[in-house]
Amino acid sequence: MLEVQELSVSYGAVHALTAVTFAATPGAITAVLGANGAGKTTLLRSISGLVKTQSGSIRFNGQELVGKTVEGIARCGVAHVPEGRGIIEELTVEENLRLATLWCLGRRERERAIEETFALFPRLTGFRRRHASILSGGERQMLVIGRALISRPQLLLLDEPSLGLAPLVTAGLMALLRDHTVGTDMTVVLVEQNARSALSVSQRAVVLNLGEVVVNDAADVVAADSNLRHHYLGF
Amino acid sequence: MGLFVNITLDGITNGMVFAALALALVLIFRATKILNFAQGAMAMMTTFIGFTLLNRGLGYWWALVAVLAIAFVLGALVERVLIRPLQGKSELNPVIVTIGLLVVLEGLAGAIYGNSSRGFPPAYSQSGLTIGHTKIAFSHFDIFILVAVLVLMVGTLALFRATTLGLRMRASAFSGEISRLLGVRVGRLLTLGWALAGVAGALAGFLVAPTSSFSPYFMDLILVYAFTAAVIGGLESPVGAVAGAVGVGLALSYVSGYIGSDLAPLGGFVILIVVLMLRPQGLFSFGRQRQV
Amino acid sequence: MRATLRNSTLVRHGLFFLALAVVLLVLTSFVFDPYTNYNVTEVAIYAICTAGLTVLTGINGQVSLGHGALMMIGAYTTSVLLTWHPDLPLILMLLASIATTGVAGAIVGLAGARLRGPYLAGATLALAVALPQVPSHFASVFGGNQGLNVPTPSPPAFLGGDFSPEQWLAWITLAAAVITFFVLANLVRGATGRRFRMVRDNEVAARLSGIDVARTQVLAYIISAACAGLAGSLFAYWVTVTSPSGFSLNLSLSLLTAIVIGGLGSLSGAVIGSFILVYLPVWTGGFASSLNLSSNVANNVPLAIYGIVLIVAILVFPRGIAGGIASIARGAARVIPSSRGPTALPAAPESSQ
Ligand SMILES: Nc1ncnc2c1ncn2[C@@H]1O[C@H](COP(=O)(O)OP(=O)(O)O)[C@@H](O)[C@H]1O
Ligand SMILES: [Mg+2]
C-alpha cells in the first residue's frame, strides 16, 4: 500500500507538485494521468528519492520513504522504470538484468530469475551478450520491464512506458502488466499520457493538472466521464 | 639493430609504468569525470612512506604490501573528504582541488624528506640480462615491472569483467542514477574506485622510483605522460589507457634514443596532437559525442 | 539609443580606468617602497595573463592548462629580439610579443576548437610541458637552459637621473594592465563577449542562432594568447633572465588556479587571483622564516599552505572569492534595503553558469 500525503515539490520557483494526496493499493494498477508538465515524472521521482521533497509524506507498507536514499528506497522493494526507459547502454542485456538482482537475490536464484526473464521475453535472448545500445525501442521496453520485475518488487513505478511504441506493442505491454499485477501483492503506479490505454488496464486513476490532483477515482468512472476526458486527458 | 632492440625494450618498460598510472586516471575519470592531478603526488607520497619502511628494515615485499594498503586508504579518504563535497558544482573546481592536493603533498614530502633526490632500492638487479653473448638493456627488475603491471591489469580486468562488484562499478560509472534505482550503493563504489586508483598509482610510483631521480617531484613528468596516454586512449577505457601508455612509452623512447632525450616531452605532445586531430575523443572512445 | 548606451558604458569604463591609472601612479610614485613596487609589478603581469585566461576559460568555456607556455613565447620573443637589436624601443617589443603569441594562440585555438573539456585540458597540459624543451634544445638561438639576459628598460631622461628603472618598469606594467583591462572589460560587455558566453553555455543553441562556434573559439584563443604574450614580455623584463625553468608546468597550473580561486568568469576575480598568487608565498615565506624551522621545512611550508588555501578556498567559495564577495554583498544589500543597487564596477562578477 502506497500512501502519498500532502506532497509538495518545487524546483526553485517552479511549483511542480502541490499537496498531492492519493493512495495505491496492492494487486491493482493506479494510473497517474495528466498533460505534459503536469508533474507526473516529478511525482515518481519523489517516490523513489531522486527529487527532494519540500513537505508531505510518502509511506509504503507503513514505512516512511521521504529522507531515505535512492538505493535505500530501491532496497525497500521499489522498482522505478524512469522516463526514457533508462537502460545502461554500455552494459550487455544480461548485465542490465543481473545488476537489478544483486542486492536481493542469491547466486542460484539470480541465474534462475535471469532465465525466467528471457523466457518471458524470448526476443531478448538473441541479444543476451550484446550491448544494450543496439536494442530497438520495443526491445528496450522489454528489457526495462524485465529488469524491473526481476527483483520481484512490491511497488512498481512506470513512467510513460508506452511512449514511442507501436499501438500493438503497447497493447501487449498493458496486458502483460495486468497479468503480473492482478491477483498478486504488487502495487503498480502507471504514469501515462496515453490515457486511453492506461485506463483500459487500471483500477484507479489519479489525474494531475499543474501539480495538483484534480481527480482521484475508479478508472472506469474516469474513463466514462467525457467532460473530464475532454478537459484533462485529450480523448 | 641492437640499439633498436634496447630502445624498444626500454620504451615498453616505461610504457608499463605509464600504464599503471594511466589506469588510475581512467578509473577515476570514467566514474567521476574528474582528472585527478594529484594522482602522481599521491603515488609519490606513498612511495616515500615505503622508502621510510624500507629504511626501518621492513622487507621489500612487506613494504610493497603496506604501501598498496596505505594508497587504498589514501585514495578513499581523498574521495570522501575532498571530492564528495564538490559533487555537481562547477567542473573546474575538482581540478583545482586536486591541483591543491598535489601542491600540499609535494610541500609535505619536501618538508619531511627534503627536495634533493635519493636512491631507492630495487627488488631485483638492475643490470642488463645477457642473451647469447650480447648484453641487452633489460634487467631482472624490468621483468619484475612488466609482471607487476601485468598482474595489476589482469586483476583489474578480472574485477570488472568477472565479478558482480566490477559490474556494479561499471554500472555506476556509466549511469549513477539508474544504478541507484537498481539498488546499487553508488557512493561506496565511487570511494572504492578512488581507492583502487590509489593502489594502481602507488604501484607505478614504487616500481619507477629506483630508475628515476627519487624526490618529491619524481612523479610529475610521469603523470603528464600518463595523462597523455589516457587521453590518447579515450579517457574512459582501461584498455585504451594501457595501449596508449605503451605507445607513448615507445614513442618517447625512440625520440630520446634517436633524436635527443631533452625532446622527449615534445615527442609526447606531437603524438597527442596528431591523435587528437584525427580522433578528438581519443582512440578507444565509444565515438559518442559527450559534451563536457 | 543603443549606440549612446554603449558609448556611455565606454565613457564610464574610460573614466573608471583613468581614475585607476591615476591612483596607481600616485601609489607607485609616493606610497610604495621599492619592494612593494616590485611585487605589484608581478601582480600586474599575472593579472594581464589571467585576465586573458578568464576570457578564454571563464567566458568562452575553453580550459587551458598551457598559458604558461604562451607567456613563454611572449618572453622569448622579447628576449631574442633584444639580443639581436638591443636598441629597439620597448613598445615595439611588447607589440612584437603580442603578435607572435597571438599567432601561436591562433594555431593552438584552431587545434583546440576540435577538442572539448578534458581532451583540451590534456592537449594544453602536454603543450605546457613540451614547449619549454624547445629553448633548451635550440641553445644557439634561445640560450639553452641558462637562458637569455634581458636588460631592465631605462627610464626616459626627463624623469630625472635618479628615477629608478624598477619604478619605470612598474609604471609600464601597470599602464599595460590598465589598458588590457579596459579593452577586455569592454569586450566582455559587448557583442563579442555575448557570443563567447553563448558558445560556452550551449554550443548547439549558439550555432542555431548563427554563431560560427569554431571561429568564436579561435578568436577567444587569440585574444587570450595576446594577453599572455604581453604578460610574458613584461615578465622577461621583470625577471631579467628568460630561461625555460621560468615557464614550468607550475606556472600554467598557477594561472588556472588563480582565475578559479579569484572567481571564474570575472575580470576582478583575475586580479584577486593574481594577488593571491604573488602575496600568499610572500606572507607564508615570511611566516615560515619567522619560525626558525629547518631549511627543508621552511622551504616547503609556503608550498603546503598554498595548496591548503587552494583546497579550502574552493570548498568554502565554490564560485571563487569574487563570487563569494558578490553573494555576501547581495546578502548585505538585502539586509540594508535602502542601499543603492549594484554599482557600476566594470568588472562586476557574474555567475559562471
Ligand atoms: N529539473 C527541473 N528543473 C526545473 N523545473 C523542472 C525540472 N523538472 C521538471 N520541471 C518542471 O516541473 C514541472 C513538472 O514536470 P514533470 O514532472 O516532468 O511533468 P510531466 O512528467 O507530467 O510531464 C514542469 O513545469 C517542468 O517544467
Ligand atoms: Mg514526464
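Located above this text is the structure these notes cover.
One structure accompanies this document, and this report is about it. Computed from a predicted model, the values in this text were never measured in an experiment.

### Some remarks on the site of ligand 1
All names here are of chain A.
Part 1 of the argument: Taken together, Tyr-11, Ala-16, Ala-35, Asn-36, Gly-37, Ala-38, Gly-39, Lys-40, Thr-41 and Thr-42 make up the full set of residues adjacent to ligand 1.
Part 2 of the argument: One of the backbone nitrogen or oxygen atoms of Ala-38 is found 3.2 Å away from an oxygen atom of ligand 1.
Part 3 of the argument: Separating an oxygen atom of ligand 1 from a side-chain N or O atom of Thr-42 is a distance of 2.4 Å.
Part 4 of the argument: The fraction of the free accessible surface of ligand 1 (550 Å²) that becomes covered by protein chains is 60%.
Part 5 of the argument: Considering each element in turn, the shell around ligand 1 owes the most residues, 3 residues, to helix α1 (residues 40-47).
Part 6 of the argument: Here the residues of the shell around ligand 1 sort into 4 nonpolar, 5 polar and 1 charged.

### Side note on the coordination of the magnesium ion (ligand 2)
Residues and elements named next belong to chain A.
Part 1 of the argument: All of the protein donors around the magnesium ion (ligand 2) are Thr-41 (OG1) and Glu-83 (OE); their distances to the metal are 2.0 to 2.4 Å. One end of the pair, Thr-41, is in helix α1; the other, Glu-83, is in the loop between β6 (78-81) and α3 (93-101), with 42 residues separating them in the sequence.
Part 2 of the argument: Residue class for Glu-83 comes out partly exposed when judged on its relative accessible area of 46%.

### Quick notes on the arrangement of the chains
Part 1 of the argument: Ranking by contact count across 2 pairs of chains in contact places chains B and C at the top.
Part 2 of the argument: Taking C-alpha atoms as the reference, chain A and chain C come no closer than 16 Å and do not contact one another.

### Looking at the pairing of strand β10 (residues 212-218) of chain A
Side-chain direction in a regular strand flips from residue to residue, so the side chains alternate between the two faces of the sheet.
All names here are of chain A.
Part 1 of the argument: Pairing analysis gives 6 bridges linking strand β9 (residues 204-209) to β10, with the strands arranged antiparallel. Bridge pairing in β10 links Leu-208 to Val-213.
Part 2 of the argument: The hairpin turn running from β9 into β10, its antiparallel successor, is 2 residues long, and Leu-210 in that turn takes a positive phi close to 50 degrees.

### Things to note about the nonpolar core
Part 1 of the argument: Among the nonpolar cores identified, the biggest contains 250 residues, and A:Leu33, A:Leu99, A:Leu156, B:Met44, B:Met219 and C:Met71 are the most heavily contacted of them.
Part 2 of the argument: A per-element tally of this core places helix α1 (residues 2-32) of chain B first, with 15 residues.
Part 3 of the argument: Once residues within four sequence positions are removed from consideration, A:Leu99 is found in contact with A:Ile88, A:Leu91, B:Leu167, B:Arg168, B:Ala171, B:Ser179, B:Leu182 and B:Val184.
Part 4 of the argument: Core analysis: the next-biggest nonpolar cluster, separate from the first, contains 25 residues, A:Val20, A:Leu43, A:Leu65 and A:Ile73 among them.

### Thoughts on the interface of chain B and chain A
One frequent convention defines the size of an interface as the accessible area lost when the parts assemble.
Part 1 of the argument: Counting residues at the interface gives 19 residues for chain B and 25 residues for chain A.
Part 2 of the argument: Summed over both sides, the interface between chain B and chain A buries roughly 2000 Å², with carbon and sulfur atoms accounting for 66% of that surface.
Part 3 of the argument: Linking chain B with chain A are 3 salt bridges, by the criterion used here.
Part 4 of the argument: We note a salt bridge from B:Glu177 to A:Arg45, for which the minimum N-O separation is 3.0 Å.
Part 5 of the argument: Connecting chain B to chain A are 5 residue pairs in polar contact (both at pLDDT 80 or more).

### Digging into the interface of chain B and chain C
Part 1 of the argument: At the junction of the two partners, chain B supplies 47 residues and chain C supplies 42 residues.
Part 2 of the argument: Interface of chain B and chain C: buried area, both sides summed, is about 3900 Å²; carbon and sulfur atoms make up 78% of it.
Part 3 of the argument: A per-residue breakdown of the area chain B buries against chain C is headed by B:Leu92, B:Ile96 and B:Met277, which together make up 15% of the total.
Part 4 of the argument: At the boundary of chain B with chain C, the tally comes to 0 salt bridges.
Part 5 of the argument: At the boundary of chain B and chain C, one finds 7 residue pairs in polar contact (both at pLDDT 80 or more).

### Examining a nonpolar patch on the surface
Residue and element names in this part refer to chain C.
Part 1 of the argument: On the surface, a nonpolar cluster with roughly 510 Å² of combined accessible area is contributed by Ile-308, Val-312, Leu-315, Val-316, Phe-317 and Ile-328.
Part 2 of the argument: In terms of residues, the nonpolar patch owes the most to one element, helix α14 (residues 295-316), which gives 4 residues.
Part 3 of the argument: Within the secondary structure layout, Ile-308 lies in helix α14.

### With respect to the pairing of strand β7 (residues 155-159) of chain A
Residue and element names in this part refer to chain A.
Part 1 of the argument: For β7, a buried count of 5 out of 5 residues is recorded, marking the element as mostly surrounded by other parts of the structure.
Part 2 of the argument: A two-sided burial pattern is seen for β7, the buried positions comprising Leu-155, Leu-157 and Asp-159 on one face and Leu-156 and Leu-158 on the other.
Part 3 of the argument: Note that β6 and β7 share 4 bridges and pair parallel. The partner of Val-81 across the bridge, within β7, is Leu-158.
Part 4 of the argument: Bridge count for β7 against strand β8 (residues 187-192) is 5 bridges, and the pairing is parallel. Considered in β8, the bridge of Leu-156 is made with Val-188.

### Quick notes on the environment of A:Met174
Residues and elements named next belong to chain A.
Part 1 of the argument: By the secondary structure assignment, Met-174 is in helix α6 (residues 167-181).
Part 2 of the argument: In sequence terms Met-174 and His-80 are 94 residues apart; their C-alpha atoms lie 17 Å from each other.
Part 3 of the argument: Each residue touching Met-174, except ones within four places of it in the same chain, is listed here: Ser-162, Leu-190, Glu-192, Ser-197 and Val-201.

### Section: the sheet that holds β9(A)
All names here are of chain A.
Part 1 of the argument: The sheet built from 6 strands is open, its strands ordered β6-β7-β8-β3-β9-β10 with mixed pairing. Both edges of this open sheet fall to β6 and β10, since each of them pairs with a single strand only. Direction aside, the axes of adjacent strands within the sheet are offset by 15 degrees on average.
Part 2 of the argument: Sheet strands touched by α1: β3 (29-33), β6, β7, β8 and β9. Its angle to β7, the strand with the most contacts, is close to 150 degrees.
Part 3 of the argument: Against the sheet, helix α9 (residues 226-233) engages β3, β9 and β10, with an angle of about 45 degrees to β9.

### So, helix α11 (residues 213-239) of chain C
All names here are of chain C.
Part 1 of the argument: For α11, spanning 27 residues, the distance from its first C-alpha to its last is 38 Å, which sits close to the expected 39 Å at 1.5 Å a residue.
Part 2 of the argument: Among the residues of α11, the N-terminal cap falls to Asp-212, whose side-chain oxygen and the backbone nitrogen of Ala-214 are separated by 3.4 Å.
Part 3 of the argument: Looking one or two residues past α11, Thr-240 carries a phi angle of roughly 75 degrees, positive in sign.

### Quick notes on the pattern of salt bridges
All names here are of chain A.
Part 1 of the argument: Taken as a whole and assessed by the stated rule, the structure comprises 18 salt bridges over all chains.
Part 2 of the argument: Here Glu-64 ties to Arg-59 by a salt bridge, and the two come within 3.9 Å at their closest N and O atoms.
Part 3 of the argument: Its relative accessible area of 34% is what places Arg-59 among the partly exposed residues.
Part 4 of the argument: Residues joined in a network through salt bridges with shared partners are Glu-94, Arg-98, Glu-111, Glu-115, Arg-128 and Arg-129.

The rules behind these values
- Residues numbered from 1 in each chain as written.
- Chains lettered and ligands numbered in written order.
- Predicted model: local features only at pLDDT ≥ 70, side-chain atom pairs only at ≥ 80, totals over all residues.
- Heavy atoms only, no water.
- Near = heavy atom within 4 Å.
- Polar contact = N/O pair within 3.5 Å; in protein donor to acceptor, adjacent residues only side chain to side chain.
- Areas by Shrake-Rupley, 256 points an atom, 1.4 Å probe, with all protein chains shown as cover.
- Helix = DSSP H or I, 4+ residues; strand = E, 2+ residues; numbered from the N terminus.
- Nonpolar A, V, L, I, M, F, W, Y, C, P; charged D, E, K, R; others polar.
- Donors = N, O, S within 2.8 Å, 3.2 Å for Na, K, Ca; no water.
- Buried < 20%, exposed > 50% of the residue type's maximum accessible area, 1.4 Å probe, protein only.
- Contact = heavy atoms within 4.5 Å.
- Pairing = 2+ DSSP bridges.
- Core = buried A, V, L, I, M, F, W, Y, C linked by side-chain atoms within 4.5 Å.
- Buried area = accessible area lost by both parts, 1.4 Å probe.
- Salt bridge = Lys/Arg side-chain N within 4 Å of Asp/Glu carboxyl O.
- Patch = residues over 30% accessible without salt bridge, like charges linked within 9 Å, V, L, I, M, F, W, Y side chains within 5 Å.
- Axes fitted to C-alpha atoms, helices over the stretch in contact; angles between N-to-C directions.
- Expected span 1.5 Å × (residues − 1).

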